[in-house]
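Structure at a glance
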Amino acid sequence: MRKAVPAKAGDKQRQNQNGPPGGKAGQPRLYGALTKKRDEDTSTEVGEGVDEWSTSKTVVKPPDQLELTEAELKEEFTRVLTANNPHAPRNIVRYSFKERAYKPISYVDQIAIHFSLNGNMILRDSDEGRRQSLRLSNASEKAPSESSAVVSEEAEIKDEKGTEDTQAAEEEEAEGAEAAEAAEAAEAEEPPPPKVKEKKLANQFNFIERSSRTLDNPLRERASQSEPTPCKNFSANANQWEIYDAYVEELQKMEKSKEKEKPKAQIGKKEEKKRGKKLTSLELQSDDITKISNAAKIMERMVNQNIFDDIAQDFKYFEDASDEYRDHRGTLLPLWKFQYDKTKRLAVTAISWNPKYKDLFAVGYGSYDFMKQSQGMLVLYTMKNPTFPEYVFSSESGIMCLDIHNDHPHLMAVGFYDGNVAIYNFKKATSQPSYKSSAKSGKHTDPVWQVKWQKDDMDNNLNFFSVSSDGRIVSWTLVKNELVHTDVIKLSAEGTTMQGPEGLQLQTVGCGTSFDFHKKIDYLFLVGTEEGKIYKCSKCYSSQFLDVFEAHHMAVDSVSWNPYHLKIFISCSSDWTVKIWDHTIKTPMFIYDLNAAVGDVAWSPYSSTVFAAVTTDGKAHVFDLNINKYEALCTQVVVAKKKNKITHIQFNPVYPVVIIGDERGQVTCLKLSPNLRKMPKGFACEASLPASHTAGIAAFDRRRRARR
């Protein structure tokens, strides 16, 4: 009989026949190619009992695999790893305000963040880590002292119990027990100090949300019960005759009541008429005035037109015929005089025509005597009603300058003596400005001498510029019903330094008095100063000037670009001179000495060669360079009083009139004679004239012909 072999023995026997165990499974592959024939014989002998791992495996190649030579296999391909992000864009462009074009950006951020986590661990060597470690060490020193005191108390209790047991024991064992107790007491007195576990340093700023709950008020119900209404039961029988009798009685009562009410109604109507008269005279007076205010204005203008009919006829039709015999000389014909009772003690500090309503102009009132400053007023007059202003606004500080928006003629920018700027809205029925600066919003520290509206910014926000004696030129933008300021440039007087404390050299600040922006080039503007210099500046540069003109010996009162010639500007000063400049040349082209301080100068809107100036001796001067380059065509006294001075002059954009303001609060309207408003030869400048002005000139010509 064949002996049965255990499972383990059988496995070993198969392993001896087929090869090494599973731990060396790779060994038959090494020499399997050499003994392939032997393996085939053994596999046929063993049959189904052979394991799968012991059989040889053939390598299967895909049909499209490349067959490379040994040289090609040994060839090395190097790849350089760089820190550049392959997905980063390389064609980003941004707009350059300096070059006014889009420029590509050379530097592109190559960082790609795949994961970020904010931890709450801190470094041991940091200041906060050292503080926390010192705090924990102090706490650990206090803990062992408390634990040693507790252990000593437990040892004393054990000693007391041990002594009681030794007394009951035998004398021979007493010595051994005492020795054991002494050893235990010694161990108890000096216990080993417990090891303090090191605590993890946590971030002290890792706060946890804490919440608290307040007590809810208990709900209470309140109710009240009323007494029930009294009820009565009523019952009756009705027939047809009773119903008819009831209707007849009701009709008779109604007729009697009508007869009684007739005399009362007549008496009541008489009383109501009397009461109505009292109400209209006292309570309803304001309501009636508002209803008829528009009609009252029209009637007032009609009455004034009848009163000043001769002046209105002169304004429309009169032409000085003597101009033909004066050798190009001209005159100014006085028309209306505008004055308000409350502005008699104030000086005219600013004048501006409304760009939409050609007969309406605004006048700012303040004081040039800085020792006698008082309140200011803003008044709007119209040539249709010279007796009373259309709008009146009062202010706490004197008004020094103003400007009306070209696209929004109901908005006016105003500069005050105290350094504030404000915007008035004529559509609102309030006497206070709609928007005003403050000390928090960056107001000027000195009087504001001039304000100018500019084009809206890129976000379509309204903005205007202001210049002040503190040397700052500020851009004010109306953003969300608030004035936001931006300092464009700060004037500094070159070559003038002051000796400060501790030997410091302090540079003096230039005091701006006037400025004007170029009509075509938006970023270019001129600034006149109290030192007599004129700075040519750009909005793009906040610390440098494009050019400096040594213009006058005293303060520059006004500077203005020519509306037709892009290179020419004019300036006037208190040094009695008016100068005409080309901004590309450092020296003036024309110099005119007017024998008195010049308060203001203005270009005409109908010719590039005509301008007018006013002096403090009460005279107005009108020049036309196309006719006479050396002297004025008209020099006329406008203010006769010696103590009175002329401050400002402005041409009307359509009609041939000028308005002149003086220090007594009076505004005079004068008409230019034909010699003073001649067009250039062949109407060469007519193409550049505004359509409104050419239409106004044509209308005047038609009226003059009809008059003849």
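Residues numbered from 1 in each chain as written. Predicted model: local features only at pLDDT ≥ 70, side-chain atom pairs only at ≥ 80, totals over all residues. Heavy atoms only, no water.

Topic: the overall build of the chain
When helices and strands are counted, the chain shows 11 helices and 32 strands. Counting all 708 residues of the chain, 34% fall into the buried class. Contacts spanning at least 24 positions in sequence make up 47% of the contacts within the chain whose residues lie at least 6 apart. Surface exposure of the chain reaches about 50300 Å², of which carbon and sulfur atoms provide 52%. (Helix = DSSP H or I, 4+ residues; strand = E, 2+ residues; numbered from the N terminus. Buried < 20%, exposed > 50% of the residue type's maximum accessible area, 1.4 Å probe, protein only. Contact = heavy atoms within 4.5 Å. Areas by Shrake-Rupley, 256 points an atom, 1.4 Å probe, with all protein chains shown as cover.)

A short note on the sheet that holds strand β15 (residues 483-490)
Pairing within the open sheet is antiparallel, and its four strands lie in the order β12-β13-β14-β15. The two strands at the open ends of the sheet, each matched to only one other strand, are β12 (448-454) and β15. In this sheet, neighbouring strand axes are inclined to one another by 25° on average, regardless of whether the strands run parallel or antiparallel. Here strand β13 (residues 463-468) pairs with strand β14 (residues 472-478) via five bridges, running antiparallel. Counted as the bridge partner of Phe-464 is Trp-476 from β14. (Pairing = 2+ DSSP bridges. Axes fitted to C-alpha atoms, helices over the stretch in contact; angles between N-to-C directions.)

Digging into the packing of aromatic side chains
This structure, assessed with the given rule, holds 29 aromatic pairs. Relative to Tyr-417, the ring of Phe-370 lies with its centre 5.6 Å away and its plane at 25°, an arrangement referred to as stacked. In this pair, Phe-370 sits in the loop between β5 (360-366) and β6 (376-382) while Tyr-417 sits in the loop between β9 (411-416) and β10 (421-425), placing the two residues 47 residues apart along the sequence. Given the relative accessible area of 40%, Phe-370 is considered partly exposed. Exposure remark for Tyr-417: the relative accessible area of 23% places this residue in the partly exposed category. Each member of the aromatic cluster is reached from another via a ring pair, and the members are Phe-590, Tyr-592, Trp-603, Phe-611 and Phe-623. The ring of Phe-416 is capped by Lys-436, whose NZ or CZ atom sits 5.1 Å from the centre of that ring. (Phe/Tyr/Trp six-rings, centres within 6.5 Å; stacked < 30°, edge-to-face > 60°. Lys NZ or Arg CZ within 6 Å of the ring centre and 35° of its normal.)

Quick look at the sheet that holds strand β24 (residues 577-582)
Strands sit in the order β22-β23-β24-β25 across an open sheet of four strands; the sheet is antiparallel. Each end of this open sheet is capped by a strand with a single partner; those strands are β22 (556-561) and β25 (590-593). Strand-to-strand twist of the sheet, defined as the mean angle between neighbouring strand axes without regard to direction, takes the value 15°.

A few points about a nonpolar patch on the surface
Nonpolar side chains collect at one region of the surface, where Val-93, Tyr-95, Phe-97, Tyr-102 and Met-458 lie side by side and expose about 620 Å² of accessible area between them. For Phe-97, the position within the fold is in the loop between β1 (93-96) and β2 (101-104). You can call Phe-97 exposed: its relative accessible area is 55%. (Patch = residues over 30% accessible without salt bridge, like charges linked within 9 Å, V, L, I, M, F, W, Y side chains within 5 Å. Salt bridge = Lys/Arg side-chain N within 4 Å of Asp/Glu carboxyl O.)

Some details on the pattern of salt bridges
What the rule picks out here adds up to 11 salt bridges. In this structure, Lys-455 engages Asp-522 in a salt bridge whose closest nitrogen and oxygen atoms are separated by 3.6 Å. Here Asp-522 lies in the loop between β18 (512-517) and β19 (524-529) and Lys-455 lies in the loop between β12 and β13, a separation of 67 residues in the sequence. On the accessibility criterion, Lys-455 (62% relative accessible area) is exposed.

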